[in-house]
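So the chains spell out like this:
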Amino acid sequence: MTTVKTPEVKMMAERTISQRKLLGIAGLGWMFDALDVGMLSFIIAALKADWGLTPEQMGWIGSVNSIGMAVGALLFGLWADRIGRKNIFIITLVLFSLASGISALTTTLFAFLVLRFFIGMGLGGELPVASTLVSESVSAKERGRVVVLLESFWALGWLIAALISYFIIPSYGWRVALILGALPAFYAIYLRLKLPDSPAFSPKKAERRSIGQNVREVWSKKYARSTFVLWMVWFTVVFSYYGMFLWLPSVMVMKGFSMIQSFEYVLIMTLAQLPGYFTAAWLIERMGRKFVLVTYLLGTAGSALIFGNAETTAVLIVSGIFLSFFNLGAWGALYAYTPEQYPSVIRGTGAGMAASIGRVGGILGPLLVGSLVAAGNSIGFIFGLFCASIVIGVLTLAFLGKETRQIELT
C-alpha cells in the first residue's frame, strides 16, 4: 500500500529534525566561530611581534571585531523575524567564512581590521539566531539543557584554537592558522542548507509586521523589564569576557612568560570550559536559569580578581581554570535565558538587540585594557574593574530578572 503525502505532511516532515542532528549542525558552525575568536586572542599576541603593534592597536583588533558583532547582531536579529532563522543562519556563516579566509592574506593592519569587522558581523548575527532556532525547536523540559550544550561547542572551538595556536603559529605563522580555521566552515554551510527552519517561525505573520513595530514591542510595557535586565547582563558579561579573554595570552606574556609558555597555559585553562558548560547544562533544568547565571557569574568575578592579582604560576593557572569554567558556563545559561523572554514574532529582534548591546561592551573591553596597560595600570587593577562590572550585572539579574525554567514558548 502506497502512502500519499499531503502538502501539510510534507511541510511537517521538512520542519522535523532529530534533536541530536539539530544540535550537531548548529553546534558545528558555533564551533568554527569559536575557533576564529579563540585564535584571534593568540594571533593578536603574534601580530604584536610580527607587525610591531602598540597596546592600543592590539586593543583595536578585538574592538573592531566586536563592532562588527554589534552591527551583525542587530541587523541579522531584526531580519531573522522577517525572513526566517534558517536563512540568516546560512548568510551569517557564509559572510564569516569568506572574510576569515581572506584575512589570512592581509599585509596591513587596516585591511586586517576591515575584514575583522565583517567576520564580526557574521559571528554576531549567527549566535543569537542559532540559540533562538534551537530554543524554538526543542521541548520546554529540555530546552535549557540543549541550548547550553549548543554553547558547549564554543569550548570545543576554543580548545582547537588553542591547539592550532600552540602547534601551528610558532612554527608556521598566524596566516596558516587562519586558513586552517576558515576552510572547514564551508562544510558547515553545506550541512545548514538541509536544516529546517524553526517551527515557531511563520512567514505570513512576519509579513504583517514591520521591523519598526518589532523594535517598539521589545520596549513595550509588557517586555521592558526583561529587555532592561537582558541588556545589562549582556553588556557586563561581554565587556568582561572580551576584555579578559582576548588579552589572556598577552597578559601572560606581560606577567613574564614567553609567548609559547603563555599559549601552553591558556590551553590548560581552556580545557576547563567544557566541564563549565556540562555542569551548567545539568543544573539549568534543576535549579533554574537565574540560579545558574548568578552562581556562575559570581564565580567568574571572584576568579577574575584572583587571576589579576596572582603572583605565582600555580595561582595564575588555577584561577585561570576557574575563570574559564565559570565564565563559559554562564555564557551557556545566558543563551538559554535570552530567547525565553519574548514571543516568537519578536524573539529574533529581542535576542539580537540584547546581543548587540552586549557587543558594545565587547568593543569597550579590549580598548580599555589597551589604554590602561599603556597608561601603566596594573593587571590586578584592570581585572578588578571587570570583576566589578560582572557584579553589577548579577545584582540586576537577581533583583529584576524573572525565572523562565520550562515555560512554553509562544
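Everything quoted here is computed from the prediction, not taken from an experiment.

(A) Molecular detail of the overall build of the protein. For the protein, the helix and strand inventory stands at 19 helices and 0 strands. Computed over the C-alpha atoms, the radius of gyration of the protein is 20 Å, within 12% of the 22 Å expected from 2.2 N^0.38 for a compact globule of 410 residues. Structurally, the protein occupies a C-alpha span of about 70 × 45 × 40 Å along its principal axes. Here the protein holds 410 residues, and the buried ones make up 59% of them. Counting only contacts in the protein whose residues sit at least 6 apart along the sequence, the fraction spanning at least 24 positions is 86%.

(B) Spatial organisation of the side chain of Gln 341. Structurally, Gln 341 can be placed in the loop between helix H17 (313–337) and helix H18 (344–374). A distance of 3.3 Å separates a polar atom in the side chain of Gln 341 from a polar atom in the side chain of Ser 226. Setting aside residues no more than four positions away along its own chain, Gln 341 makes contact with Tyr 223, Ser 226, Leu 230, Lys 402 and Thr 404.

(C) Seen up close, a nonpolar patch on the surface. There is a patch of nonpolar side chains on the surface, built from Trp 219, Phe 228, Leu 298, Val 391, Leu 395, Phe 399 and Leu 400 and spanning about 650 Å² of accessible area. Tallying contributions element by element places helix H19 (residues 379–400) first for the nonpolar patch, with 4 residues. Mapping Phe 399 onto the fold places it in helix H19.

(D) Region of the structure containing empty space enclosed by the protein. Counting across every chain of the model gives 2 cavities of 30 Å³ or more. Leu 127, Glu 151, Trp 154, Tyr 241, Tyr 242, Tyr 277, Leu 328, Trp 331, Tyr 335 and Arg 359 are the residues that line the second largest cavity. Per element, the largest residue contribution to the lining of the second largest cavity is 3 residues, and it comes from H17. Looking at the lining of the second largest cavity, its residues break down into 8 nonpolar, no polar and 2 charged. Shared between two domains, the lining of the second largest cavity holds at least three residues of each, these being domain 1 (18–197) and domain 2 (217–409).

(E) Spotlight on the environment of Tyr 277. Position of Tyr 277 among the secondary structure elements: in helix H15 (residues 273–287). On the basis of relative accessible area, Tyr 277 is assigned to the buried category, the value being 0%. In the structure, Tyr 277 is positioned 51 residues away from Leu 328 in sequence and 6.3 Å away in space, judged by C-alpha atoms. Other than its neighbours up to four places away in sequence, Tyr 277 contacts Val 148, Glu 151, Ser 152, Trp 154, Ala 155, Leu 328, Gly 329 and Gly 332.

(F) Quick peek at the side chain of Ser 97. Here Ser 97 lies in helix H4 (residues 85–103). Apart from residues lying up to four places away in sequence, Ser 97 is in contact with Ala 182, Ala 185, Phe 186 and Ile 189.

(G) The packing of H4 against helix H8 (residues 174–182), seen in detail. Remark: H4 packs on H8, axes separated minimally by 8 Å, with the N-to-C direction vectors making an angle of 160°. The orientation of H4 with respect to H8, classified from their angle, is roughly antiparallel. Considering the relative orientation of H4 and H8, their crossing is left-handed. On H8, the residues touching Ser 97, Ser 100, Gly 101 and Ser 103 of H4 are Trp 174, Leu 178 and Ala 182.

(H) How the structure looks around the nonpolar core. Among the nonpolar cores identified, the biggest contains 133 residues, and Ile 61, Trp 154, Trp 234 and Phe 383 are the most heavily contacted of them. Broken down by element, this core gets its largest block of residues, 19 residues, from helix H2 (residues 19–51). Summarising the domain contributions, this core has at least three residues from each of domain 1 (18–197) and domain 2 (217–409). Not counting residues within four places of it along the chain, the set of residues in contact with Trp 234 comprises Trp 331, Leu 334, Tyr 335, Thr 338, Ala 354, Ala 355, Gly 358 and Arg 359. Phe 76, Ile 88, Met 121 and Val 129 belong to the second-largest nonpolar core, a separate cluster that totals 5 residues.

(I) Region of the structure containing the domain arrangement of the protein. In terms of domains, the protein is made up of domain 1 (18–197) and domain 2 (217–409). Centre-to-centre, using C-alpha coordinates, domain 1 lies 18 Å away from domain 2. Both faces considered, domain 1 and domain 2 share a buried interface measuring about 4,600 Å² in area, 72% of it formed by carbon and sulfur atoms. The largest share of the area that domain 1 buries against domain 2 comes from Val 148, Trp 158 and Tyr 166, three residues that together contribute 13% of it. One can count 2 salt bridges joining domain 1 with domain 2. Its salt-bridge partner being Glu 340, residue Arg 143 comes within 2.8 Å of it at the nearest N-O pair. Connecting domain 1 to domain 2 are 12 residue pairs in polar contact (both at pLDDT 80 or more). Contributions of two or more residues to the side of domain 1 that touches domain 2 are made by H2, helix H3 (55–83), helix H5 (109–136), helix H6 (140–167) and helix H7 (169–172). When residues of the side of domain 1 that touches domain 2 are assigned to their parent elements, the largest contribution, 20 residues, is made by H6.

What counts and what doesn't
- Residues numbered from 1 in each chain as written.
- Predicted model: local features only at pLDDT ≥ 70, side-chain atom pairs only at ≥ 80, totals over all residues.
- Heavy atoms only, no water.
- Helix = DSSP H or I, 4+ residues; strand = E, 2+ residues; numbered from the N terminus.
- Rg over C-alpha atoms; globule rule 2.2 N^0.38 Å.
- Buried < 20%, exposed > 50% of the residue type's maximum accessible area, 1.4 Å probe, protein only.
- Contact = heavy atoms within 4.5 Å.
- Polar contact = N/O pair within 3.5 Å; in protein donor to acceptor, adjacent residues only side chain to side chain.
- Patch = residues over 30% accessible without salt bridge, like charges linked within 9 Å, V, L, I, M, F, W, Y side chains within 5 Å.
- Areas by Shrake-Rupley, 256 points an atom, 1.4 Å probe, with all protein chains shown as cover.
- Salt bridge = Lys/Arg side-chain N within 4 Å of Asp/Glu carboxyl O.
- 1 Å grid on protein atoms, 1.4 Å probe; cavity = no way out; pocket = protein on both sides within 12 Å on 5 of 7 lines; lining within 4 Å.
- Points joined across faces, edges and corners; volume = space filled by probe spheres on them.
- Nonpolar A, V, L, I, M, F, W, Y, C, P; charged D, E, K, R; others polar.
- Domains from an automatic or database assignment.
- Axes fitted to C-alpha atoms, helices over the stretch in contact; angles between N-to-C directions.
- Parallel < 35°, antiparallel > 145°, perpendicular 65-115°, else oblique.
- Left-handed = near helix turned anticlockwise from the far one by under 90°.
- Core = buried A, V, L, I, M, F, W, Y, C linked by side-chain atoms within 4.5 Å.
- Buried area = accessible area lost by both parts, 1.4 Å probe.

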